[in-house]
Amino acid sequence: MNHPRELPNQAELSKVTEDQRHIGVSRPRNGARRLLQGRGQFVDDIELPRLAHVVYWRSPVAHARLGRIESTAARAMPGVLGVFSGVDVARLCKPWVAVLAHLPGIKSAPEHALALGRAHWQGEPVVAVVAETRAQAEDALQLIEVEWDELPAVLDTETALDAATPVIHPELGDNLCFERKLDTGGVDEAFARAAAVFEDTYVFGRHTGVTLEPRCQIADWNPGDGRLTVYHSQQAPHMMQDLYCRQFELQESQVRVICRDVGGSFGIKVHAYPDDFATVAMSMLLGRPVKFVADRLESFVSDIHAREHRIKARIAADASGDILAFEIDDLTGIGPFSVFPRTSGIEGNQVVNLTGGPYKHAHYRAALKVVFQNKVPTCQYRGVGHPIACAVTEALVDGVARQLGLDPLDFRLRNVIPDDAYPAIGASGIKLEVLSHEACLRQARTLCNYEGLRAEQATLRAKGVYRGIGIATLIELTNPSAAFYGVGGARIASQDGATLRLEPSGVVTVMSSVGEQGQGAEAIFAQIAADAVGVALQQVRVVTGDTDVTPYGGGTWASRGAGIGGEAVLLAGLALRDNLLSTAAVILQRDDPSSLRLREGCFVDATSGAELLPLAELGRVAYFRSDTLPAGFTPELMVTRHCAQRDYPFIFTNGVQVSHVEVDVDTGFVKLLGHWAVEDCGRVINPMLVDEQIRGAIVQGIGGVLFEECLYDENGTLCNGSMADYLVPMAAEMPDIVVSHVQTPTRSSKLGAKGAGEAGTAGAPAAVMNAINDALAPLKVTLSSQPITPEKVLRALGKV
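Points about the overall build of the protein chain
Okay, step 1: On a plain count of helices and strands, the protein chain comes out with 19 helices and 31 strands.
Okay, step 2: Each of the three principal axes of the protein chain carries a C-alpha extent, and together these read 85 × 75 × 45 Å.
Okay, step 3: Classification of the 800 residues of the protein chain by burial places 64% in the buried group.
Okay, step 4: Counting every atom, the protein chain has about 28,700 Å² of accessible surface; 50% of that belongs to carbon and sulfur.
Okay, step 5: Computing the positive centroid from 73 side-chain charges and the negative centroid from 94, the protein chain places the two 3 Å apart.

Now the structure itself:
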């Protein structure tokens, strides 16, 4: 579709720079042409001298005591360089325990790079085979013989804490990883005086990220200089540098992490995996580079999963239509270990924090239990608790509005926190700087022609056609401060940095600690830098993803790239511009730098606009003819600035999504007819890229509500771990997705940008589930288990 040059209310926003030409304007993504021409360089494209390949023998069962490992025949195979067990790797790599101090009571057992003594899930790496080629390693892997005694597997979260259930880690005492309770008080009284109470149990199936490029890396330990270089497909290079230092007892100067092109991540690639550390150990043991590339089958049993929750929830409202209280009881399973270093308690913790978030009720009670089980470990995946909290909240809101006989959109307008009531504190204690729920709801009503959809729905119902309209009001946590991880002891940077350097030709090089994952970060950094410095967009080059080159920073996660990384680029750009103006004033023999402006790479007179000095000429003089400059004056042509969120623990964004569906009551199939999203992510830097981020995220959210689920049998074996069996949304099934914006810039930064990467995923499951239930309302049917499959629809209708 065609994208507008500017958003409708762009002109109403104050300008970030005095000569703003690129911020707020749609521009193509940096590198898109290169990638389309097949010139991308992903990890598997990289070849190094003496490169070896590692493959892993993974546990075929959910829980087993490991015995003898016979590898003689494998070692004798052509090209095999070594076969290594957990004992071999443990001599180099320390075990880890993933806990955070600000999640009181969270616990986990020590985890090793290769399993020692026991295997805890189907897919846990046990033995590594390294050979000169991948094919040779795969052939040798077939000859590995491992003896094991199968142990009882803990699979059902409902019984994980029962006395009769085996304890996965006896030293921990039980299968409880983390527990949290929150109670504002007054909840029981609110429900007692309510005119309407709606309650239900919501079930969310676990699913995974299915990135286009699987997890992969090349570890290259150079014994000559005692230095480790890791080429990675990762979201947080500096985090991984720190982890390699800690686990292998190295210094930062000994470790370089390079992340070039990354084929999607979605949170899957922000964690440290056992095979990640094992691959580094292989390189150290052999003294040569070692490549690991997960194939699609092992990705399903080694990439983190997410979202396995069972939530009992209820809502209370009075006769006038005011929400009085929410209450939830969340039980979630996370696999046998808390994932390093971010822990597996965060998703459930987020559900507690976010449930009821858009609304102005005063009373809230939540209970959370996070339990261990013998399945693939779960951790942060795009949205991290938001899709669950939003789906529960919005389903409850629809349910109680239906009981009261109120229109669901009008009911939301009555109950959201008013736009003029900020800053505010939500019932869970979250601090909200400035949101725009009312404006977004009003815009969504117009955007989707809400009254027209309702009229069409009534007409078609009379003809036996069941269409539904679902609404989801959402909040999204973005721009996190150290409150997310740092205060809990995790060495994950909450700040990000940017270095801007003028080259002699007048080109500006931007080096940012926030990497490019396909989301367009490099494009917006170029736009910000161009406006901040005063050069043409073509004069900006962006470098990311190299710990030897970029400033230290947190990387790409939690919708922080624009708000934190972009702010660092802006601050560095403005500082560089000031330095350039001072240098130009010296060259032009002007006493006052403020009499000059830098526009599109040329210094001009501030009053007349007359062109005075090309930026390239300043670069020539500053770098090569410093003898012509006054004694004691040195041009400063490289500037570094950092940014961290300090005003609030997080900067929240908000939005509204509307889904329009048709349910075939004979087959159970759901047809998506249309989807609308109104998003307020603060200042929009590049409308085209933001819209595509939101559309992509909505598609992922639709995957969770309709298609995706990791299915296990009674033994803990994944039954659909292939692309032939695991359903993902395809283009033919997707509706037109219309995106619109309200812009309420955050006051916590000069740029005013919030995040936009996860809001689509947060709201789509709620909107689609509500639309399905709205369609089936005349049949007195409600579905609350995701994914909502045709079988579940037919069972609810009593047809199966």
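Notes on the sheet that holds strand β2 (residues 64-70)
Okay, step 1: Reading across from one edge, β4-β2-β6 is the order of the three strands in this open sheet, with antiparallel pairing throughout. Among the strands making up the open sheet, the edge pair consists of β4 (118-119) and β6 (145-150).
Okay, step 2: Both β2 and β6 contribute to a ladder of five bridges, which runs antiparallel. Paired with alanine 64 across the two strands is glutamate 150, which belongs to β6.

As for the layout of surface pockets
Okay, step 1: A volume near 360 Å³ is recorded for the second largest pocket.
Okay, step 2: If you trace the second largest pocket, you find 21 residues lining it, with Val203, Phe204, Glu308, Lys375 and Glu709 closest to the centre.
Okay, step 3: Every element with two or more residues in the lining of the second largest pocket is listed here: β8 (196-204), β15 (309-317) and β31 (785-786).
Okay, step 4: For the lining of the second largest pocket, the per-class residue count stands at seven nonpolar, five polar and nine charged.

Quick notes on helix α16 (residues 615-624)
Okay, step 1: Three or more residues of α16 are buried, namely Leu615, Leu618, Gly619, Val621 and Ala622.
Okay, step 2: If you follow the buried residues of α16, they end up packed against β21 (495-502), α15 (561-587), β25 (602-605) and β26 (611-614).

About the criteria used
Residues numbered from 1 in each chain as written. Predicted model: local features only at pLDDT ≥ 70, side-chain atom pairs only at ≥ 80, totals over all residues. Heavy atoms only, no water. Helix = DSSP H or I, 4+ residues; strand = E, 2+ residues; numbered from the N terminus. Buried < 20%, exposed > 50% of the residue type's maximum accessible area, 1.4 Å probe, protein only. Areas by Shrake-Rupley, 256 points an atom, 1.4 Å probe, with all protein chains shown as cover. Lys, Arg positive; Asp, Glu negative; His and termini not counted. Charge placed at Lys NZ, Arg CZ, Asp CG, Glu CD. Pairing = 2+ DSSP bridges. 1 Å grid on protein atoms, 1.4 Å probe; cavity = no way out; pocket = protein on both sides within 12 Å on 5 of 7 lines; lining within 4 Å. Points joined across faces, edges and corners; volume = space filled by probe spheres on them. Nonpolar A, V, L, I, M, F, W, Y, C, P; charged D, E, K, R; others polar. Contact = heavy atoms within 4.5 Å.

Bear in mind that shape data such as this cannot, by itself, settle questions of function.
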